[in-house]
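Listed here are the chains, written in short residue letters.
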Amino acid sequence: MYVLAEELFPFPRSITGDGVRATLDVIDREIGIDRIEVPSGTAVLDWTVPDEWNVRGGWIRSSDGSTLVDFADSNLHVLGYSEPVSATLTGAELRTHLHTLPDQPDLVPYRTSYYQRRWGFCMSDRLGATIRDDERYEVLIDSTLEPGHLSYGEHVVPGHTDDVVLISTHVCHPSLANDNLSGIVAALDLARHVATRPSRYTYVFLFIPGTIGSITWLAGNAERAARVRHGLVLTGLGDRGPITYKQSRQGTAEIDRVVAHVLASRNEAHEVQAFSPYGYDERQFCSPGFDLPVGRLSRSPHGTFPEYHTSADNLAFITPESLAASVDVLTEVLDALDGLGVYRNLAPFGEPQLGRRGLYRSIGASMDSASTEMALLWVLNMSDGSRSVLDIAERSGLGFGSVREATGLLLEAGLLEEVGSDAG
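Residues numbered from 1 in each chain as written. Predicted model: local features only at pLDDT ≥ 70, side-chain atom pairs only at ≥ 80, totals over all residues. Heavy atoms only, no water.

J.: Describe the overall build of the protein chain, with residues and values.
T.: Scanning the protein chain from terminus to terminus reveals 13 helices and 19 strands. In terms of overall dimensions, the protein chain has a C-alpha envelope of 90 × 40 × 35 Å along the principal axes. The buried share of the protein chain, reckoned over its 424 residues, is 55%. Considering only contacts in the protein chain between residues 6 or more positions apart, those separated by 24 or more positions represent 80%. Carbon together with sulfur atoms contributes 49% to the accessible area of the protein chain, which is approximately 17,500 Å² in total. (Helix = DSSP H or I, 4+ residues; strand = E, 2+ residues; numbered from the N terminus. Buried < 20%, exposed > 50% of the residue type's maximum accessible area, 1.4 Å probe, protein only. Contact = heavy atoms within 4.5 Å. Areas by Shrake-Rupley, 256 points an atom, 1.4 Å probe, with all protein chains shown as cover.)

Shown next as structure tokens:
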């Protein structure tokens, strides 16, 4: 995952354009995707797909010919969606088009102007302070802003049913390792995992530009959206902070319960946050007209770490260990979702004799065996056709994996039958 992030880091991504397409090319190479191109001007819910933006270069040069900033050094230097410009300006005139971070004077901010026509540059405040009002500067932004397409990718892993687990991540931020690339590479690894095992659900992985991408997908996929039973938005999974889960708008959806249970059972630092209508694409999926059961999984939430939307969100800010641990949590969550069945005990009068069925053969050998024994007893006792595996895990306090394993053993022994799923 980290090596893939290194490859993707330099791409000049935005909500449209060739940087997104180049990113989708790599994703397609890794797992295969359906590419969707939506023309500019297309009405999508209350929005309109904007003109396509592409940028080839940009710089500021002082009167002595020295280059102050260059897009070739960092694609954060050009304000996202800048109009083209070629001009000579005084420092005072140029200053109105500059974006800096006075509180973080050595960092370059990430700034955009998607829906208001303007041009600008981003630079460190320390460099910006060297610009003299009476000096003349040559500026160039080599960009185009014209009718084109919004591009996104979709990867589908079919399941036994048409019920959907939706996994979404944004592909619109340039050279930001945590707030962009970590979600992309984690989703790719997760897609590979899902493809290795049979699944109750059909998994839909979306690689979309933020906000306008999810709105575009929802506008064109109302019927599929209605089949979403669980969903996660992935972002910020590579830093060293603890796992943070933001609940869906519903707050008590199964995805909310499963993630909370998985995190609690891992005995690791974590945080569960209530839903708010601010953030990433979860706010579109959870808008009241759709109200999909979609939460968000990250580490340090957006805006809470000083590197957020700055040049410090670079490859040194994320670690292979954090990426791997994040995907470990995600695979546990998805495996739990696929085990959300409702079962009935076929020998409910008294406790069935487990020894003669070979289910007690390892008892006493280890703590794991003791955990399995307790899980067997809990599943038998609670499986009356009205409680799900998740209900049993929550009631017993046992890890979901132990309860699911016990359920599988009892099914093989003919002591359980499935009567439904939590998804209905």
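J.: Hey, could you go over the pairing of strand S15 (residues 270-273) for me, with residue numbers and the actual values?
T.: As defined by bridge partners, strand S14 (residues 243-246) adjoins S15 across four bridges and the pair is classed as parallel. What sits directly across from Thr244, in S15, is Glu271. You can see the chain leave S14, run along helix H8 (residues 254-265) and come back into S15, and the turn it takes is right-handed. (Pairing = 2+ DSSP bridges. Right-handed = clockwise from strand over helix to strand, strands pointing away.)

J.: Which residues make up the layout of surface pockets, and what are the values?
T.: Empty space within the largest pocket amounts to approximately 490 Å³. Lining the largest pocket are 22 residues; nearest its centre among them are Tyr114, His173, Thr211, Gly279 and Arg283. Partitioning the lining of the largest pocket into residue classes produces 10 nonpolar, nine polar and three charged. (1 Å grid on protein atoms, 1.4 Å probe; cavity = no way out; pocket = protein on both sides within 12 Å on 5 of 7 lines; lining within 4 Å. Points joined across faces, edges and corners; volume = space filled by probe spheres on them. Nonpolar A, V, L, I, M, F, W, Y, C, P; charged D, E, K, R; others polar.)

J.: Give a detailed account of the packing of aromatic side chains, specifying residues and quantitative values.
T.: Think of a pair of aromatic rings as described by two things: how far the centres are apart, and how the planes are tilted against each other in angle. Per the counting criterion, the structure on display carries nine aromatic pairs. Ring centres 6.2 Å apart and planes at 80 degrees place the aromatic pair Trp119 and Phe121 in the edge-to-face group. Since its relative accessible area comes to 14%, Trp119 is described here as buried. What makes Phe121 buried here is its relative accessible area of 0%. Judged by centre distance (6.4 Å) and plane angle (25 degrees), the ring pair of Tyr203 and Phe205 falls under stacked. As far as the burial class goes, Tyr203 and Phe205 line up, both buried. Grouping aromatic residues by their ring pairs yields a cluster made of Trp47, Trp53, Tyr81, Tyr114 and Tyr115. (Phe/Tyr/Trp six-rings, centres within 6.5 Å; stacked < 30°, edge-to-face > 60°.)

J.: Tell me about the packing of H8 against helix H10 (residues 320-337), residues and numbers included.
T.: Following both chains from N to C, one finds H8 and H10 inclined at 130 degrees, their axes separated by 10 Å at the closest point. Between H8 and H10, the crossing angle belongs to the class labelled oblique. With respect to the hand of their crossing, H8 and H10 are arranged in right-handed fashion. Taken together, the residues of H10 that come into contact with H8 (itself represented by Ile255, Val258, Val259, Val262, Leu263 and Ser265) are Val329, Glu332, Val333, Ala336 and Leu337. Along the lines of polarity and charge, the residues of the contact of H8 with H10 split into nine nonpolar, one polar and one charged. (Axes fitted to C-alpha atoms, helices over the stretch in contact; angles between N-to-C directions. Parallel < 35°, antiparallel > 145°, perpendicular 65-115°, else oblique. Left-handed = near helix turned anticlockwise from the far one by under 90°.)

J.: Break down the nonpolar core for me, citing the residues and quoting the values.
T.: Ranked by internal contacts, the top residues of the largest apolar core, which has 71 residues, are Phe205 and Phe207. Counting residues per element, this core draws most heavily on helix H5 (residues 177-194), which supplies 10 residues. The contact partners of Phe205, leaving out residues within four places of it in the chain, are Gly153, Glu154, His155, Val157, Ile167, Ala187, Leu190, Ala191 and Val194. Ranked by size, the runner-up nonpolar core spans 44 residues in total, among them Leu68, Val85, Leu150 and Ile208. (Core = buried A, V, L, I, M, F, W, Y, C linked by side-chain atoms within 4.5 Å.)

J.: Describe the sheet that holds strand S16 (residues 294-298), with residues and values.
T.: Strand order in the open sheet formed by eight strands is S1-S10-S12-S11-S13-S16-S14-S15, with mixed pairing between adjacent strands. Looking at strand neighbours, the two that pair on one side only are strand S1 (34-39) and S15, the edges of this open sheet. Across the sheet, the mean angle from the axis of one strand to that of its neighbour is 20 degrees, orientation sign disregarded. Across five bridges, the pairing between strand S11 (residues 164-170) and strand S13 (residues 228-234) is parallel. Its bridge partner lying in S13, Ile167 is registered against Leu232. Of the strands in this sheet, S1, strand S10 (149-157) and strand S12 (202-208) are in contact with helix H2 (residues 18-31), which crosses S10 at around 15 degrees.

J.: Tell me what's going on with the environment of Arg266, and back it up with residues and numbers.
T.: As for its placement among the helices and strands, Arg266 is situated in the loop between H8 and S15. Here Arg266 falls in the buried class, since its relative accessible area comes to 17%. In this structure, the C-alpha to C-alpha distance between Arg266 and Gly399, residues 133 residues apart in sequence, is 8.2 Å. Setting aside chain neighbours within four positions, we find Arg266 in contact with Ala325, Asp328, Val329 and Glu332.

J.: Lay out the side chain of Ser300 with the relevant residues and their values.
T.: One can find Ser300 in the loop between S16 and H10. With relative accessibility at 17%, the residue Ser300 sits in the buried group. In terms of polar contacts, Ser300 uses its side chain to reach the side chain of Asp239, at 2.7 Å. (Polar contact = N/O pair within 3.5 Å; in protein donor to acceptor, adjacent residues only side chain to side chain.)

J.: Any chance you could break down the packing of H2 against H5 for me, citing the residues and the numbers?
T.: Running from N to C, H2 and H5 cross one another at 20 degrees; their axes reach a closest spacing of 10 Å. Between H2 and H5, the angle is such that the two are roughly parallel. Here H2 and H5 pass one another in a crossing that is right-handed. Taken together, the residues of H5 that come into contact with H2 (itself represented by Thr23, Ile27, Glu30 and Ile31) are Ile184, Leu188, Ala191 and Arg192.

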